[in-house]
Amino acid sequence: MDETIEGLLAAIQQGIEKASTTAQLEEVRVAFIGRKGQLTRAMKDLSELSPEERPRQGKRLNQLRQVFDSLYEARHRRLAAEEEDAQLAEERLDMTLPGRNPLPARLHPVTRVTRMLEEVFLRMGFSLATGPEIETVWYNFEALNVAEDHPARAMQDSFFVDLPGYVMRTQTSPMQIRAMEEARGRVPLRIISTGRVYRRDEDATHIPMFTQLEALAIDRHLGLADLKGVLLTLAREIFGASTEIRLRPSYFPFTEPSLEVDISCVVCGGKGCRTCKDGWLEILGSGMVHPVVLRNGGYDPDHVNGFALGLGIERVVMLLYGFDDIRLLYQNDLGVLSGFGDPLAPMGSQEGPLL
Ligand SMILES: [Zn+2]
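Below, the structure is looked at part by part. All chains use their own residue numbering, which begins from 1 and follows the written sequence. Restriction of local features to residues with pLDDT of at least 70 applies here, the model being predicted, together with a cutoff of 80 or more for giving and counting side-chain atom pairs; totals for whole chains, interfaces and linings are based on all residues. Just so you know, side-chain values use all the structure's heavy atoms and leave hydrogens and water out.

1. Re the overall build of the chain
In step 1: Helix numbers and strand numbers start at the N terminus; a helix is a DSSP run of H or I with at least 4 residues, a strand a run of E with at least 2. In terms of helices and strands, the chain carries eleven helices and nine strands.
In step 2: The globule rule used for comparison is 2.2 Å times the number of residues to the exponent 0.38, while the radius of gyration itself is calculated over C-alpha atoms. On C-alpha atoms alone, the chain measures out to a radius of gyration of 40 Å, which is more than a quarter above the 20 Å that the 2.2 N^0.38 rule sets for 355 residues.
In step 3: A principal-axis box enclosing the C-alpha atoms of the chain has dimensions of 120 × 45 × 40 Å.
In step 4: Counting every position in the chain, which comprises 355 residues, the buried fraction comes to 41%.
In step 5: The long-range fraction of contacts in the chain, counting pairs at least 24 apart against all pairs at least 6 apart in sequence, stands at 66%. The buried label goes to any residue with under 20% of its type's maximum accessible area, the exposed label to any with over 50%, and the partly exposed label to all in between, with areas taken from a 1.4 Å probe on protein chains only. Contact between two residues is taken to exist if any of their heavy atoms lie within 4.5 Å; hydrogens are not considered.

Below you can see the structure in the form of structure tokens.
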């Protein structure tokens, strides 16, 4: 029996030492202390020993079992840790690797045209102002001289929210007031604001959420000529150098005088076609800032004046790409949207990849 125990000890040490994976170690465990393992069998063999011999050998076998357990535990801890490390290394995600089948990503046409427009204004010395899409009735209507009985304030035209005095902004114009307040009477003030606006409206040319650009300039001696210069620059930067503009008298509560601005037709160049009929396309509204609006923004209309313009960005997108259903832009149809690839390229101001 003594020899058996010596042999077992050596075999256990060697077996555990040689196991280089937890799977191999498990085989060693079964080989020694499994139901038919060598150590298990030696324990059973104790019954064949004489009553005098039995306790001594039993004690030795128990010690051997303890040795086995502690060797096994230590080895198992180490192998398991090594295997976990290897697995982690193998499974590590490299976020910088390219996708297996990368989608050709590009900006949404509205985003792209918005950035084009912003760039044109930034080059003219305007800066970008952003504001909340849930606006107070004061900023959205009252401060802009939109009377309480104005049709735009009717329930059927605006989205009111469950908070008295608030509305989903129907235009980017509230940013005029916010920018004026922030400027605290300083001149010149030149800002643009782009973003989503909300109206209860839906047909081929209107959707409940669309995107506007608002521009505001305030200074001491601004006139219609300054406004016209900005409008012409804008039209030619976006629609091409030969574009002409036409100004028509109009009415908006926040400007006086107010102008409707047309551009020479992008399809026929002004000769007259199915798209334009008379050679002109209505593109935006503008005017000299109404004295009441200036006063509401903290400016003295006796000393400064200003001009403002607002345009629907989707309208520009539709003219640039030549389609007439605004809803196409917001149906999340990749087939349609990817068709809006590079056709902006002919318009100058193009820069390489879309993203
Ligand atoms: Zn035309």
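2. Re the packing of helix H5 (residues 109–123) against helix H10 (residues 313–321)
In step 1: As a packed pair, H5 and H10 sit with axes 9 Å apart at the nearest point and diverge in direction by 100°. One element, H5, and the other, H10, form an angle in the roughly perpendicular class. Judged by residue contacts, Pro109, Val110, Val113, Thr114, Met116 and Leu117 of H5 engage Ile313, Glu314, Val316, Val317, Leu320 and Tyr321 from H10.
In step 2: Gly counts as polar in this scheme, as do all residues outside two lists: the nonpolar Ala, Val, Leu, Ile, Met, Phe, Trp, Tyr, Cys and Pro, and the charged Asp, Glu, Lys and Arg. In the contact of H5 with H10, the residues fall into ten nonpolar, one polar and one charged. Angles here are taken between N-to-C directions and fall from 0 to 180 degrees, while the axes themselves are lines fitted to C-alpha atoms, restricted in helices to the stretch in contact. Roughly parallel means an angle under 35 degrees; roughly antiparallel, over 145; roughly perpendicular, 65 to 115; everything else is oblique.

3. A few points about a negative patch on the surface
In step 1: Candidate patch residues must exceed 30% relative accessible area and have no salt bridge, after which like charges are joined if within 9 Å and Val, Leu, Ile, Met, Phe, Trp or Tyr side chains if within 5 Å. The method behind every accessible area is Shrake-Rupley, applied with a 1.4 Å probe, and residues are considered shielded solely by the protein chains displayed. In the sections that follow, a salt bridge refers to a side-chain nitrogen of Lys or Arg positioned within 4 Å of a carboxyl oxygen of Asp or Glu. Note that His is not counted, nor are the chain ends; the positive residues are Lys and Arg, and the negative ones are Asp and Glu. Lysine's charge is taken at NZ, arginine's at CZ, aspartate's at CG and glutamate's at CD. A contiguous patch of negative charge on the surface is contributed by Asp157, Asp201, Glu202 and Asp203.
In step 2: With respect to the element layout, aspartate 201 can be found in the loop between strand S4 (189–198) and strand S5 (209–219).

4. Quick word on helix H2 (residues 22–33)
In step 1: Compared with an ideal rise of 1.5 Å per residue, which puts twelve residues at 16 Å, H2 spans 16 Å between its outermost C-alpha atoms and is within 8% of the ideal.
In step 2: All of the buried residues in H2 are Leu25, Val28, Phe32 and Ile33. Axial view of H2: buried residues confined to an arc of 95°, hence all on one face.
In step 3: Contacts made by the buried residues of H2 are with helix H1 (2–18), helix H3 (38–45) and helix H4 (53–91). One fewer than the residue count of a helix, multiplied by 1.5 Å, yields its expected span. Within this analysis, the arc is defined by the directions that extend from the helix axis to the C-beta atoms.

5. Remarks on the coordination of the zinc ion
In step 1: Counted as donors are N, O and S atoms no farther than 2.8 Å from the metal, or 3.2 Å for Na, K and Ca; water is not among the atoms, and sites may therefore look incomplete. The zinc ion binds to the protein through Cys265 (SG), Cys268 (SG), Cys273 (SG) and Cys276 (SG), with metal-donor distances spanning 2.2 to 2.3 Å.
In step 2: Considering all four donor atoms around the zinc ion, the spread of angles at the metal, 104 to 113°, places the coordination shape in the tetrahedral class.
In step 3: Along the chain, the residues donating to the zinc ion are arranged with the sequence spacing C-x2-C-x4-C-x2-C.
In step 4: Cysteine 265 sits in the buried class, given a relative accessible area of 3%. Square planar and octahedral assignments, for four and six donors respectively, both demand that opposite donors be over 155 degrees apart and that all other angles lie between 65 and 115; tetrahedral needs four donors with all angles between 85 and 135 degrees, and anything else is irregular.

6. Re empty space enclosed by the protein
In step 1: A cavity, in this analysis, means grid points on a 1 Å lattice covering only the protein atoms where a 1.4 Å probe fits yet has no way out; a pocket is instead an open set bounded by protein on both sides within 12 Å along at least five of seven lines, and a residue lines either one if it has an atom within 4 Å of a point. Grid points are joined across faces, edges and corners, and a volume is the space filled by probe spheres set on the points. One pass over the full model with this rule turns up two cavities of 30 Å³ or more.
In step 2: Taken together, 13 residues form the lining of the largest cavity, with Leu234, Ala235, Phe239, Ile283 and Leu284 sitting closest to its centre.
In step 3: Broken down by secondary-structure element, the contributors of at least two residues to the lining of the largest cavity are helix H8 (224–239), strand S7 (255–264) and strand S8 (280–289).
In step 4: Among the residues making up the lining of the largest cavity, the classes are represented as 13 nonpolar, no polar and no charged.

7. Thoughts on unusual backbone geometry
In step 1: With an omega of -5°, the peptide bond between valine 187 and proline 188 qualifies as cis.
In step 2: Of note, the bond from glutamate 256 into proline 257 is cis; its omega dihedral lies within 30 degrees of zero at -5°.
In step 3: Residues other than glycine seldom take positive phi values, yet arginine 184 does so here, at roughly 50°.
In step 4: Here arginine 184 is to be found in the loop between helix H7 (174–183) and S4.

8. Description of the pairing of S8
In step 1: Of all ten residues that make up S8, eight are buried, and the element is covered over most of its length.
In step 2: Pairing analysis gives eight bridges linking S7 to S8, with the strands arranged antiparallel. Note that in S8 the partner of aspartate 262 across the bridge is glutamate 282.
In step 3: Being paired, for any two strands, means DSSP has found at least two bridges between them. The pairing of S8 with strand S9 (residues 305–312) spans four bridges and is antiparallel. Directly across from methionine 288, in S9, lies its bridge partner phenylalanine 307.

9. Concerning the sheet that holds strand S1 (residues 127–128)
In step 1: Ordered by their spatial adjacency, seven strands build an open sheet running S1-S4-S5-S9-S8-S7-S6, and the pairing between neighbours is mixed. Edge positions in the open sheet fall to S1 and strand S6 (245–252), since each of these has one partner strand only.
In step 2: Bridging between S4 and S5 involves ten bridges; their strand directions are antiparallel. Bridge assignment links leucine 189 to a residue of S5, and that residue is isoleucine 218.
In step 3: Packed on one face of the sheet, H5 meets S1, S4, S5 and S9 and runs near 5° to S5.
In step 4: Docked against the sheet, H7 engages S4, S5 and S9, running at close to 145° with respect to S4.

10. Focus on the pattern of salt bridges
In step 1: A complete count under the given rule lists 14 salt bridges for this structure.
In step 2: Where glutamate 26 meets arginine 29, a salt bridge forms, and the shortest distance between an N and an O atom there is 3.0 Å. Taken as a pair, glutamate 26 and arginine 29 lie in helix H2 at a separation of three residues, close to a single helical turn.
In step 3: You can call arginine 29 partly exposed: its relative accessible area is 28%.
In step 4: Of the charged contacts, one joins aspartate 278 and arginine 246 as a salt bridge, the two residues approaching to 3.5 Å between their closest N and O atoms.

11. Description of the nonpolar core
In step 1: The biggest cluster of nonpolar side chains holds 48 residues, and the ones touching the most others in it are Phe121, Leu213, Ile238, Leu309 and Leu311.
In step 2: Those elements giving two or more residues to this core turn out to be H5, S4, S5, H8, S7, S8, S9 and H10.
In step 3: Discounting chain neighbours no more than four positions away, the residues touching phenylalanine 121 are Phe126, Ile192, Leu213, Ala215, Val230, Leu234 and Leu309.
In step 4: Residues Val137, Phe141, Ala179 and Val289 belong to the second largest nonpolar core, which totals 26 residues. Each nonpolar core is a collection of buried residues, namely Ala, Val, Leu, Ile, Met, Phe, Trp, Tyr and Cys, held together in the definition by side-chain atoms within 4.5 Å.

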